Amino acid sequence: SADHHAAAVDEYLEQRLGLRIDALEAGREHAHNAGLPRIEVSPAQGKFLQLLVEITGARRVLEIGTLGGYSTSWLAKGVGESGTVISCEFEPLHASIARENLQRAGLSERVEIKLGAAQGSMESLISRKSAPFDLIFIDADKRNNVRYLELAMDLARPGTVVVLDNVVRSGAILDAVADHGTQEADVRGVQDSLQWLRDDPRVSATALQTVGAKGWDGFALARVL
Ligand code: SAM
(Lines give C-alpha, C1' and ligand atoms only; values in the text may rest on other atoms or scores of the structure.)
Protein backbone atom coordinates (compact mmCIF):
# COMPACT_ATOMS: atom_id res chain seq x y z
CA SER A 1 0.00 0.00 0.00
CA ALA A 2 1.02 3.63 -0.34
CA ASP A 3 1.18 3.86 3.44
CA HIS A 4 3.65 0.99 3.61
CA HIS A 5 5.74 2.58 0.88
CA ALA A 6 5.80 5.93 2.65
CA ALA A 7 7.01 4.23 5.83
CA ALA A 8 9.85 2.57 3.89
CA VAL A 9 10.81 5.92 2.36
CA ASP A 10 10.87 7.46 5.83
CA GLU A 11 13.27 4.75 6.94
CA TYR A 12 15.46 5.47 3.92
CA LEU A 13 15.46 9.20 4.70
CA GLU A 14 16.27 8.53 8.36
CA GLN A 15 19.26 6.45 7.31
CA ARG A 16 20.52 8.72 4.55
CA LEU A 17 20.21 11.84 6.68
CA GLY A 18 21.45 10.18 9.87
CA LEU A 19 18.34 11.09 11.83
CA ARG A 20 18.49 8.14 14.21
CA ILE A 21 20.79 9.54 16.84
CA ASP A 22 22.08 6.94 19.30
CA ALA A 23 21.41 8.91 22.48
CA LEU A 24 17.83 9.63 21.42
CA GLU A 25 17.14 6.13 20.05
CA ALA A 26 18.19 4.68 23.41
CA GLY A 27 15.56 6.85 25.04
CA ARG A 28 12.89 5.73 22.62
CA GLU A 29 13.74 2.10 23.36
CA HIS A 30 13.69 2.75 27.10
CA ALA A 31 10.24 4.33 26.81
CA HIS A 32 8.87 1.47 24.73
CA ASN A 33 10.33 -1.13 27.10
CA ALA A 34 8.65 0.65 30.00
CA GLY A 35 5.32 0.20 28.20
CA LEU A 36 4.83 3.75 26.95
CA PRO A 37 2.81 3.94 23.72
CA ARG A 38 4.72 4.41 20.46
CA ILE A 39 3.13 7.73 19.65
CA GLU A 40 6.16 10.01 19.69
CA VAL A 41 7.11 12.07 16.64
CA SER A 42 9.24 10.34 14.00
CA PRO A 43 13.00 11.05 13.76
CA ALA A 44 12.40 13.23 10.68
CA GLN A 45 9.68 15.18 12.49
CA GLY A 46 11.88 15.51 15.57
CA LYS A 47 14.70 16.97 13.51
CA PHE A 48 12.16 19.26 11.85
CA LEU A 49 11.22 20.58 15.30
CA GLN A 50 14.89 21.12 16.17
CA LEU A 51 15.42 23.03 12.92
CA LEU A 52 12.29 25.12 13.48
CA VAL A 53 13.66 26.11 16.89
CA GLU A 54 17.04 26.94 15.37
CA ILE A 55 15.65 28.81 12.35
CA THR A 56 13.47 31.00 14.56
CA GLY A 57 16.25 31.41 17.11
CA ALA A 58 13.92 30.23 19.87
CA ARG A 59 15.53 30.11 23.31
CA ARG A 60 12.42 29.40 25.39
CA VAL A 61 10.22 26.51 24.28
CA LEU A 62 7.02 25.18 25.84
CA GLU A 63 5.84 21.66 25.09
CA ILE A 64 2.44 20.21 25.98
CA GLY A 65 2.70 16.39 26.14
CA THR A 66 6.12 14.96 27.06
CA LEU A 67 5.60 11.18 26.83
CA GLY A 68 9.13 9.69 27.06
CA GLY A 69 10.85 12.95 26.19
CA TYR A 70 11.65 12.16 22.56
CA SER A 71 10.32 15.35 20.94
CA THR A 72 11.48 17.16 24.10
CA SER A 73 15.04 16.04 23.33
CA TRP A 74 14.95 17.42 19.79
CA LEU A 75 13.53 20.72 21.04
CA ALA A 76 16.22 20.80 23.74
CA LYS A 77 18.94 20.25 21.13
CA GLY A 78 17.46 23.18 19.22
CA VAL A 79 17.51 25.71 22.06
CA GLY A 80 21.16 24.99 22.82
CA GLU A 81 23.03 24.98 26.10
CA SER A 82 21.69 28.29 27.36
CA GLY A 83 18.10 27.67 26.23
CA THR A 84 15.13 26.29 28.13
CA VAL A 85 12.40 23.77 27.37
CA ILE A 86 9.46 23.45 29.74
CA SER A 87 7.41 20.32 29.04
CA CYS A 88 4.05 19.44 30.61
CA GLU A 89 3.04 15.84 31.34
CA PHE A 90 0.41 14.42 33.68
CA GLU A 91 1.40 10.73 33.73
CA PRO A 92 4.01 10.25 36.47
CA LEU A 93 5.54 7.24 34.69
CA HIS A 94 5.92 9.18 31.44
CA ALA A 95 7.51 12.10 33.26
CA SER A 96 9.99 9.91 35.11
CA ILE A 97 11.01 7.99 31.99
CA ALA A 98 11.42 11.32 30.19
CA ARG A 99 13.63 12.66 32.99
CA GLU A 100 15.81 9.55 32.79
CA ASN A 101 16.08 9.83 29.01
CA LEU A 102 16.96 13.52 29.08
CA GLN A 103 19.54 12.87 31.78
CA ARG A 104 21.17 10.14 29.73
CA ALA A 105 21.15 12.29 26.59
CA GLY A 106 22.90 15.06 28.50
CA LEU A 107 19.98 17.45 28.02
CA SER A 108 18.41 17.57 31.48
CA GLU A 109 20.04 20.88 32.46
CA ARG A 110 17.98 22.75 29.89
CA VAL A 111 14.66 20.94 30.40
CA GLU A 112 12.07 21.28 33.12
CA ILE A 113 9.26 18.75 33.17
CA LYS A 114 6.13 19.97 34.89
CA LEU A 115 4.15 17.06 36.29
CA GLY A 116 0.40 17.59 36.31
CA ALA A 117 -2.47 18.46 34.00
CA ALA A 118 -1.09 20.78 31.34
CA GLN A 119 -3.86 23.30 31.84
CA GLY A 120 -2.89 23.83 35.48
CA SER A 121 0.80 24.06 34.64
CA MET A 122 0.10 26.67 31.95
CA GLU A 123 -2.16 28.64 34.31
CA SER A 124 0.53 28.69 36.96
CA LEU A 125 3.12 29.88 34.44
CA ILE A 126 0.72 32.67 33.48
CA SER A 127 -0.04 33.67 37.07
CA ARG A 128 3.68 33.69 37.90
CA LYS A 129 4.17 36.03 34.95
CA SER A 130 6.51 33.71 33.07
CA ALA A 131 8.63 35.24 30.34
CA PRO A 132 7.01 34.61 26.94
CA PHE A 133 7.89 31.47 25.01
CA ASP A 134 9.38 31.69 21.52
CA LEU A 135 7.92 28.38 20.35
CA ILE A 136 5.06 26.28 21.72
CA PHE A 137 4.55 22.65 20.65
CA ILE A 138 1.09 21.27 21.49
CA ASP A 139 0.94 17.46 21.42
CA ALA A 140 -1.24 16.13 24.24
CA ASP A 141 -4.96 15.35 24.63
CA LYS A 142 -6.38 16.76 21.41
CA ARG A 143 -9.82 17.44 22.91
CA ASN A 144 -8.21 20.25 24.89
CA ASN A 145 -6.44 21.84 21.91
CA VAL A 146 -8.52 25.02 21.98
CA ARG A 147 -7.93 25.42 25.71
CA TYR A 148 -4.18 25.04 25.14
CA LEU A 149 -4.23 27.53 22.27
CA GLU A 150 -6.07 30.07 24.43
CA LEU A 151 -3.60 29.63 27.29
CA ALA A 152 -0.70 29.72 24.83
CA MET A 153 -1.76 33.24 23.81
CA ASP A 154 -1.03 34.40 27.37
CA LEU A 155 2.41 32.78 27.24
CA ALA A 156 3.37 34.16 23.83
CA ARG A 157 4.65 37.37 22.25
CA PRO A 158 4.24 38.66 18.70
CA GLY A 159 6.27 36.26 16.56
CA THR A 160 5.89 33.22 18.78
CA VAL A 161 5.58 30.05 16.71
CA VAL A 162 2.89 27.51 17.62
CA VAL A 163 2.94 23.93 16.29
CA LEU A 164 -0.13 21.76 16.74
CA ASP A 165 0.45 18.07 16.02
CA ASN A 166 -1.81 15.36 14.58
CA VAL A 167 -4.37 17.49 12.79
CA VAL A 168 -5.17 14.99 10.00
CA ARG A 169 -5.46 11.64 11.78
CA SER A 170 -5.60 9.48 8.62
CA GLY A 171 -8.35 11.70 7.31
CA ALA A 172 -10.59 11.26 10.37
CA ILE A 173 -10.62 15.04 10.56
CA LEU A 174 -13.34 14.96 7.88
CA ASP A 175 -15.61 12.72 9.94
CA ALA A 176 -18.76 14.07 11.43
CA VAL A 177 -18.80 13.74 15.18
CA ALA A 178 -20.87 10.60 15.66
CA ASP A 179 -20.96 10.13 19.42
CA HIS A 180 -19.11 11.19 22.51
CA GLY A 181 -16.38 8.51 22.51
CA THR A 182 -12.66 9.12 22.90
CA GLN A 183 -11.82 9.24 19.20
CA GLU A 184 -14.69 11.55 18.49
CA ALA A 185 -13.73 13.93 21.28
CA ASP A 186 -10.22 14.18 19.87
CA VAL A 187 -11.41 14.64 16.28
CA ARG A 188 -13.79 17.34 17.47
CA GLY A 189 -10.94 18.88 19.45
CA VAL A 190 -8.80 19.11 16.33
CA GLN A 191 -11.68 20.43 14.19
CA ASP A 192 -12.41 23.11 16.79
CA SER A 193 -8.75 24.08 17.03
CA LEU A 194 -8.49 24.57 13.25
CA GLN A 195 -11.59 26.75 13.38
CA TRP A 196 -10.00 28.67 16.25
CA LEU A 197 -6.81 29.20 14.21
CA ARG A 198 -8.88 30.67 11.41
CA ASP A 199 -11.08 32.88 13.58
CA ASP A 200 -8.74 34.19 16.23
CA PRO A 201 -7.24 37.51 15.15
CA ARG A 202 -4.13 36.92 17.24
CA VAL A 203 -2.70 34.23 14.91
CA SER A 204 -1.91 33.48 11.29
CA ALA A 205 -1.90 29.76 10.49
CA THR A 206 -1.64 26.96 7.97
CA ALA A 207 -1.57 23.16 8.11
CA LEU A 208 0.45 20.58 6.19
CA GLN A 209 -0.27 16.90 5.66
CA THR A 210 2.48 14.36 6.27
CA VAL A 211 3.07 10.70 5.35
CA GLY A 212 5.72 8.29 6.54
CA ALA A 213 6.62 6.35 9.66
CA LYS A 214 3.61 7.75 11.49
CA GLY A 215 1.14 7.00 8.70
CA TRP A 216 -1.01 9.78 7.26
CA ASP A 217 -1.22 12.81 9.50
CA GLY A 218 -0.21 16.45 9.60
CA PHE A 219 0.48 19.49 11.72
CA ALA A 220 -0.72 23.05 11.94
CA LEU A 221 1.77 25.90 12.12
CA ALA A 222 0.84 29.30 13.46
CA ARG A 223 2.56 32.60 14.10
CA VAL A 224 1.35 34.88 16.85
CA LEU A 225 0.69 38.37 15.45
N1 SAM B 1 5.43 14.96 22.30
C2 SAM B 1 5.73 13.56 22.55
C3 SAM B 1 6.75 13.09 21.53
O4 SAM B 1 6.53 13.35 20.33
O5 SAM B 1 7.75 12.47 21.91
C6 SAM B 1 4.48 12.71 22.45
C7 SAM B 1 3.37 13.13 23.36
S8 SAM B 1 2.04 11.98 23.43
C9 SAM B 1 1.34 12.11 21.84
C10 SAM B 1 0.87 12.82 24.46
C11 SAM B 1 1.27 12.93 25.92
O12 SAM B 1 0.41 13.87 26.55
C13 SAM B 1 1.13 11.63 26.71
O14 SAM B 1 2.31 11.33 27.39
C15 SAM B 1 0.00 11.92 27.69
O16 SAM B 1 0.17 11.28 28.95
C17 SAM B 1 0.09 13.42 27.84
N18 SAM B 1 -1.15 14.07 28.25
C19 SAM B 1 -2.42 13.77 27.84
N20 SAM B 1 -3.30 14.58 28.42
C21 SAM B 1 -2.60 15.43 29.21
C22 SAM B 1 -2.96 16.51 30.06
N23 SAM B 1 -4.23 16.90 30.20
N24 SAM B 1 -1.98 17.16 30.72
C25 SAM B 1 -0.68 16.80 30.56
N26 SAM B 1 -0.28 15.79 29.76
C27 SAM B 1 -1.22 15.11 29.10
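I will try to describe carefully the structure that is included in this document. (Residues numbered from 1 in each chain as written. Predicted model: local features only at pLDDT ≥ 70, side-chain atom pairs only at ≥ 80, totals over all residues. Heavy atoms only, no water.)

The subject of this paragraph is the site of the ligand. Taken together, 21 residues lie around the ligand, and Gly65, Ser71, Glu89, His94 and Ala118 are the ones closest in. In this structure, a nitrogen atom belonging to the ligand sits 2.8 Å away from a side-chain N or O atom of Ser71. Asp139 has a polar side-chain atom sitting 2.9 Å from a nitrogen atom of the ligand. The fraction of the free accessible surface of the ligand (600 Å²) that becomes covered by protein chains is 92%. Looking at the shell around the ligand residue by residue, the classes come out as 10 nonpolar, 5 polar and 6 charged. (Near = heavy atom within 4 Å. Polar contact = N/O pair within 3.5 Å; in protein donor to acceptor, adjacent residues only side chain to side chain. Areas by Shrake-Rupley, 256 points an atom, 1.4 Å probe, with all protein chains shown as cover. Nonpolar A, V, L, I, M, F, W, Y, C, P; charged D, E, K, R; others polar.)

Below, the discussion takes up the packing of helix H2 (residues 22-33) against helix H5 (residues 92-104). Running from N to C, H2 and H5 point in directions that differ by 160°, and their axes come no closer than 9 Å. Between H2 and H5, the angle falls in the class roughly antiparallel. The crossing of H2 and H5 is right-handed. Residues Gly27, His30 and Ala31 of H2 form the contact with H5, whose own contacting residues are Ile97, Glu100, Asn101 and Arg104. Of the residues that constitute the contact of H2 with H5, the class distribution is 2 nonpolar, 3 polar and 2 charged. (Axes fitted to C-alpha atoms, helices over the stretch in contact; angles between N-to-C directions. Helix = DSSP H or I, 4+ residues; strand = E, 2+ residues; numbered from the N terminus. Parallel < 35°, antiparallel > 145°, perpendicular 65-115°, else oblique. Left-handed = near helix turned anticlockwise from the far one by under 90°. Contact = heavy atoms within 4.5 Å.)

Per the counting criterion, the structure on display carries 2 aromatic pairs. Relative to Phe219, the ring of Phe48 lies with its centre 5.4 Å away and its plane at 45°, an arrangement referred to as tilted. In this pair, Phe48 is assigned in helix H3 (residues 43-56) and Phe219 in strand E7 (residues 217-224), connecting sequence segments 171 residues apart. Both rings, one in Tyr70 and one in Trp74, keep their centres 6.2 Å apart while their planes meet at 90°; by these two values the pair is edge-to-face. In this pair, Tyr70 and Trp74 are both assigned in helix H4 (residues 70-79), 4 residues apart and thus about one turn of the helix distant. Note on Tyr70: relative accessible area 6%, which makes it buried. The class for Trp74 is buried, based on a relative accessible area of 0%. Above the face of the Tyr70 ring, Arg28 is positioned so that its terminal group lies 4.8 Å from the ring centre. Sitting above the plane of the Phe133 ring, Arg60 keeps its charged end 4.4 Å from the centroid. (Phe/Tyr/Trp six-rings, centres within 6.5 Å; stacked < 30°, edge-to-face > 60°. Buried < 20%, exposed > 50% of the residue type's maximum accessible area, 1.4 Å probe, protein only. Lys NZ or Arg CZ within 6 Å of the ring centre and 35° of its normal.)

It is worth spelling out the environment of Gly159 at this point. Mapped onto the elements, Gly159 comes out in the loop between helix H7 (145-153) and strand E5 (161-165). Between the alpha carbons of Gly159 and Asp3 there is a distance of 35 Å; along the sequence they are 156 residues apart. Those residues in contact with Gly159, other than ones at most four positions away along the chain, are Asp134, Arg223 and Val224.

Turning next to the pairing of strand E2 (residues 84-89). Within E2, 5 of the 6 residues are buried, leaving the element largely enclosed by the surrounding structure. In this structure, strand E1 (residues 60-64) lies alongside E2, joined through 5 bridges in parallel fashion. Note on E2: the bridge partner recorded for Ile64 is Cys88. In this fold, the crossover linking E1 to E2 by way of H4 has right-handed handedness. Summarising the sheet, E2 and strand E3 (residues 111-115) pair through 5 bridges and their orientation is parallel. Among the inter-strand pairings, Ile86 is bridged to a residue of E3, identified as Glu112. Handedness of the E2-H5-E3 crossover: right-handed. (Pairing = 2+ DSSP bridges. Right-handed = clockwise from strand over helix to strand, strands pointing away.)

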